[in-house]
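# Notes for the structure review
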Amino acid sequence: MQEELTTDQQIRRKTIKAFVAFGVASLVPLGIWKWINASAYQNNILAPLRKTLEFNEKLTAKLLSNSHLAPTFSRSEVDKKVRFNGAVGLQEKLAEKYKIKIESGEEKFEISPADLKALPKQEIVFEFKCIEGWSQIQHWGGVRLVDFMNHYKIGQKDADNLFQYVGMETPDGKYTVGIDMPSAVHPQTILAYEMNGKPLLKKHGSPLRLIIPVKYGYKNLKRIGVIKFSDERPKDYWASYGYDYFAGL
Ligand SMILES: Nc1nc2c(c(=O)[nH]1)N[C@H]1C(S)=C(S)[C@@H](COP(=O)(O)O)O[C@H]1N2
Ligand SMILES: [Mo]
């Protein structure tokens with residue numbers, strides 16, 4: 001005949017079972033840790049860790065080459081509700097006669113957002129990635145940064161060389177990004193004035209923002225007030241807080 005267990009006995013058995021399971025489970029990472037520690041050192045760090053690092057390096061080099069394109073998606077895959085994140089530099093009222101200051105070496109001039117609409121339009125549907133841990137498939141439209149540079153003949157230091165960087169700032173100067181030239185002239189990098197086929201909303205960077213699919217979200221500056229080409233590394237808001245300057249994907 002089966003004995004009846006009291007509630008107390010049942011709880012105790014469950015507790016014992018849980019402890020045994022937990023103990024067994026904890027041996028797994030311990031085993032991996034021992035295996036890593038037992039392996040030989042290679043270049044001052046343990047071989048398995050070194051291998052991971054080398055793999056990451058190779059991967060990064062491959063992914064960062066200018067020929068690499070971020071994967072694109074179809075319009076039906078676009079997320080319905082576009083996320084909003086970060087409002088540094090978006091506090092002031094938008095100027096009625098909004099102008100974007102351009103600086104390329106010694107050359108300085110201003111353009112209006114409407115000037116950009118006269119240039120060929122480029123649309124892209126890609127996965128926008130924020131380091132805070134979210135990503136979304138989004139649809140943007142605007143002008144390729146490289147087309148804009150060619151049209152205005154800017155970004156060139158001399159006949160053979162481009163400047164090393166392009167820096168962008170909000171009109172109040174509070175949010176800044178610095179972009180390496182290979183990423184700036186990447187064919188998927190655009191000065192965007194549309195989202196989902198409609199004019200940009202204020203919170204997403206109206207009238208003009210940077211969309212740079214080969215970089216993390218924080219490099220996609222909203223509300224461009226200044227575009228500056230130079231060989232000096234431009235100011236970068238999040239890099240000044242210790243985030244990776246390059247922020248490549
Ligand atoms: N001016 C400005 N641009 C910005 C930010 C900001 O705070 N201010 N945040 C960045 C970060 S961290 C992300 S993830 C994206 C978010 O863009 P969204 O609000 O259109 O989703 O904008 C980037 N551009
Ligand atoms: Mo972000």
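To be clear, the structure that these remarks concern was listed above.
Residues numbered from 1 in each chain as written. Chains lettered and ligands numbered in written order. Predicted model: local features only at pLDDT ≥ 70, side-chain atom pairs only at ≥ 80, totals over all residues. Heavy atoms only, no water.

## Observations concerning the site of ligand 1
The local shell around ligand 1 holds 19 residues, among which R83, N85, V88, H204 and K222 are the closest. Measuring from an oxygen atom of ligand 1, one finds a side-chain N or O atom of R209 at 2.8 Å. Out of a free accessible area of 530 Å², ligand 1 has 97% covered by protein chains. Taken together, the residues that form the shell around ligand 1 break down as ten nonpolar, six polar and three charged. (Near = heavy atom within 4 Å. Polar contact = N/O pair within 3.5 Å; in protein donor to acceptor, adjacent residues only side chain to side chain. Areas by Shrake-Rupley, 256 points an atom, 1.4 Å probe, with all protein chains shown as cover. Nonpolar A, V, L, I, M, F, W, Y, C, P; charged D, E, K, R; others polar.)

## Concerning the sheet that holds strand 7 (residues 165–169)
Sheet architecture is open: five strands sit in the order 4-3-12-7-8, paired in mixed fashion. Two strands close off the open sheet at either side, each with one partner strand: strand 4 (107–111) and strand 8 (176–180). Recorded for the sheet is a direction-independent mean angle of 15 degrees between the axes of neighbouring strands. Of the pairings in the sheet, the one linking strand 7 to strand 8 comprises five bridges and is antiparallel in character. Paired with V166 across the strands is I179, a residue of strand 8. (Pairing = 2+ DSSP bridges. Helix = DSSP H or I, 4+ residues; strand = E, 2+ residues; numbered from the N terminus. Axes fitted to C-alpha atoms, helices over the stretch in contact; angles between N-to-C directions.)

## Points about unusual backbone geometry
The omega torsion across S206 and P207 is 0 degrees, close enough to zero to call that bond cis. Relative to the helices and strands, P207 resides in the loop between strand 10 (198–199) and strand 11 (209–211).

## Observations concerning the side chain of K219
Mapping K219 onto the fold places it in the loop between strand 11 and strand 12 (226–230). Relative accessible area serves as the criterion here: at 0%, K219 is assigned to the buried category. One polar contact links the side chain of K219 to the main-chain carbonyl oxygen of G178, over a distance of 2.9 Å. Beyond its immediate stretch of four places on either side in the chain, K219 contacts V177, G178, I179, L210, I212, D236, D244, Y245, F246 and A247. (Buried < 20%, exposed > 50% of the residue type's maximum accessible area, 1.4 Å probe, protein only. Contact = heavy atoms within 4.5 Å.)

## A closer look at the side chain of K215
With respect to the helices and strands, the residue K215 is situated in the loop between strand 11 and strand 12. Under the relative-accessibility criterion, K215 is labelled buried at 3%. Within polar-contact distance, the side chain of K215 engages the side chain of D180 at 2.7 Å. A polar contact of 3.4 Å, which involves the side chain of K215, links it to the side chain of S183.

## Some details on the packing of aromatic side chains
Within the structure shown, the criterion is met by eleven aromatic pairs. Where Y218 meets Y243, the ring centres are 5.6 Å apart and the plane angle is 65 degrees; that geometry is what we call edge-to-face. Of the two residues, Y218 sits in the loop between strand 11 and strand 12 while Y243 sits in the segment after strand 12, which places them 25 residues apart along the sequence. On the basis of relative accessible area, Y218 is assigned to the buried category, the value being 11%. On the numbers, 5.1 Å between centres and 75 degrees between planes, the contact of W238 with Y243 is edge-to-face. The partly exposed category is assigned to W238, whose relative accessible area is 27%. (Phe/Tyr/Trp six-rings, centres within 6.5 Å; stacked < 30°, edge-to-face > 60°.)

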